Amino acid sequence: LGEGPLKGRHVVVTSGPTHEPIDPVRYIANRSSGAQGTAIAAALADLGARVTFVTGPASVPPPQGVSVVAVETARDMLAAVQAALPADAAVMAAAVADWRVTNAAGSKMKKDGTGRLPALEFAENPDILAQVAQMAEGRPRLVVGFAAETDDVIAHATAKRARKGCDWIVANDVSPATGIMGGAENAVTIITAGGADVWPRLPKAEVARRLAARIAGVLA
Ligand code: C5P
């Protein structure tokens, strides 16, 4: 640990889904496995970085050699990221829930026998990537976001890069037919100020190694 081109650099990585409670036993989630974020954290640590790995409830175990901060909700994740800063780079691979339930019940919701249905109310979650990318002071030198798209990947990801204010967007096509979400491989396009780099379909570990090497190229 600590040897390599990223020696002495601190990188915050978010990963996994978030869970947004409905009541003590139910929640809203998404199909993110955390596999790509985990592989990226491992690859950064392999290059010598000190990695703070802020993870929602993922279905793969966290990597070795990183500081793991386990969170549940988007708001927990934002607080954990803020607590982990300052950092040289932030890589936001988490699939953060866009909305949380504002009328979550304190005890398990029950059918009341009348057939009346519960009504969930929602509020928008904070955008962790946008907040970090737009920090007035202490912004990480490199802020990397992800874009899971199902169509027009480059156009949507390029717009997202501008909207969020991040340096790079790692865009991927998560159409069900690709098998990427929850799968072992990923086909990504890296959107930077200079344009779009289309990478071939690769194992998630190899995508992670290439991305970590590119990050080292900026920070080293
Ligand atoms: O807007 P969208 O969810 O498509 O953006 C995806 C990118 O933004 C990912 O990098 C994700 O980790 C980040 N994000 C975030 N906080 C949110 C929503 C998305 O950090 N509330």
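Here the structure is shown first, and the text comes after it.
Heads up: these notes are all about the structure in this document. Values in this document were obtained by computation on a predicted structure and should not be read as measured data. Chains are numbered independently. Their residues run from 1 in the order of the written sequence. Local features in a predicted model are, by the rule used here, given only for residues with pLDDT of at least 70; side-chain atom pairs are given and counted only at 80 or more, and totals for whole chains, interfaces and linings are based on all residues.

### A closer look at the nonpolar core
Of all hydrophobic cores here, the largest spans 58 residues; its most connected members are Val 13, Ile 40 and Leu 44. No other element matches the eight residues that helix α1 (residues 35-46) contributes to this core. Here Ile 40 is in contact with Val 13, Val 91, Ala 93, Ala 208, Leu 211 and Ala 212, once residues within four sequence places are set aside. Here, a nonpolar core means buried Ala, Val, Leu, Ile, Met, Phe, Trp, Tyr and Cys residues linked by C-beta atoms lying within 7 Å of one another. Backbone-placed C-beta atoms define the burial measure: a residue is buried with 20 or more other C-beta atoms within 10 Å of its own, exposed with 12 or fewer, and partly exposed in between. Here a helix means four or more residues in a row that DSSP labels H or I, a strand means two or more in a row labelled E, and each is numbered from the N terminus. Two residues qualify as a contact pair if the distance between their C-beta atoms, derived from the backbone, is within 7 Å.

### Points about the site of the ligand
Here, nearness means that the C-beta atom of a residue, built from backbone geometry, sits within 6 Å of the molecule or strand in question. Around the ligand there are 13 residues in total, and Met 92, Val 96, Ile 128, Leu 129 and Gly 145 lie nearest to it. If you list the elements that add at least two residues to the shell around the ligand, you get α3 (128-133) and β9 (142-149). The greatest single-element share of the shell around the ligand, amounting to three residues, is contributed by β9. Looking at the shell around the ligand, its residues break down into nine nonpolar, three polar and one charged. Basically, the charged four are Asp, Glu, Lys and Arg, the nonpolar ten are Ala, Val, Leu, Ile, Met, Phe, Trp, Tyr, Cys and Pro, and anything else, Gly included, counts as polar.

### Observations regarding the packing of α1 against helix α5 (residues 204-219)
In contact at an axis separation of 8 Å, α1 and α5 are set at 45 degrees when each is read in the N-to-C sense. Classed by the angle they form, the pair α1 and α5 counts as oblique. In the packing of α1 onto α5, the handedness of the crossing is right-handed. Where α1 approaches α5, its residues Ala 35, Gln 36, Ala 39, Ile 40, Ala 42, Ala 43 and Leu 44 are matched on the opposing element by Lys 204, Ala 205, Val 207, Ala 208, Arg 209, Leu 211, Ala 212 and Ile 215. When the residues that make up the contact of α1 with α5 are grouped by side-chain class, the tally is 12 nonpolar, one polar and two charged. Between N-to-C directions, angles span 0 to 180 degrees; the directions come from axes that are lines fitted to C-alpha atoms, helices contributing only their stretch in contact. Here the angle decides the label: under 35 degrees means roughly parallel, over 145 means roughly antiparallel, 65 to 115 means roughly perpendicular, and every other value means oblique. Left-handed describes a crossing whose near helix is turned anticlockwise from the far helix by less than a right angle; the clockwise case is right-handed.

### Points about the sheet that holds strand β1 (residues 10-15)
The rule for pairing is simple: two strands pair if DSSP sees at least two bridges between them. On the basis of which strands lie adjacent, the open sheet formed by eight strands has the order β5-β4-β1-β6-β9-β10-β12-β13 and mixed pairing. Strands with a single pairing partner mark the edges of an open sheet, and in this sheet they are β5 (67-70) and β13 (195-198). The mean angle between the axes of side-by-side strands here comes to 20 degrees, regardless of whether they run parallel or antiparallel. Taken together, the six bridges between β9 and strand β10 (residues 168-173) define a ladder with parallel strand orientation. When the sheet's bridge partners are listed, Phe 146 is paired in β10 with Val 170. On top of the sheet, α1 reaches β1, β4 (50-55) and β6 (89-92); it is set at about 165 degrees to β1, its chief contact.

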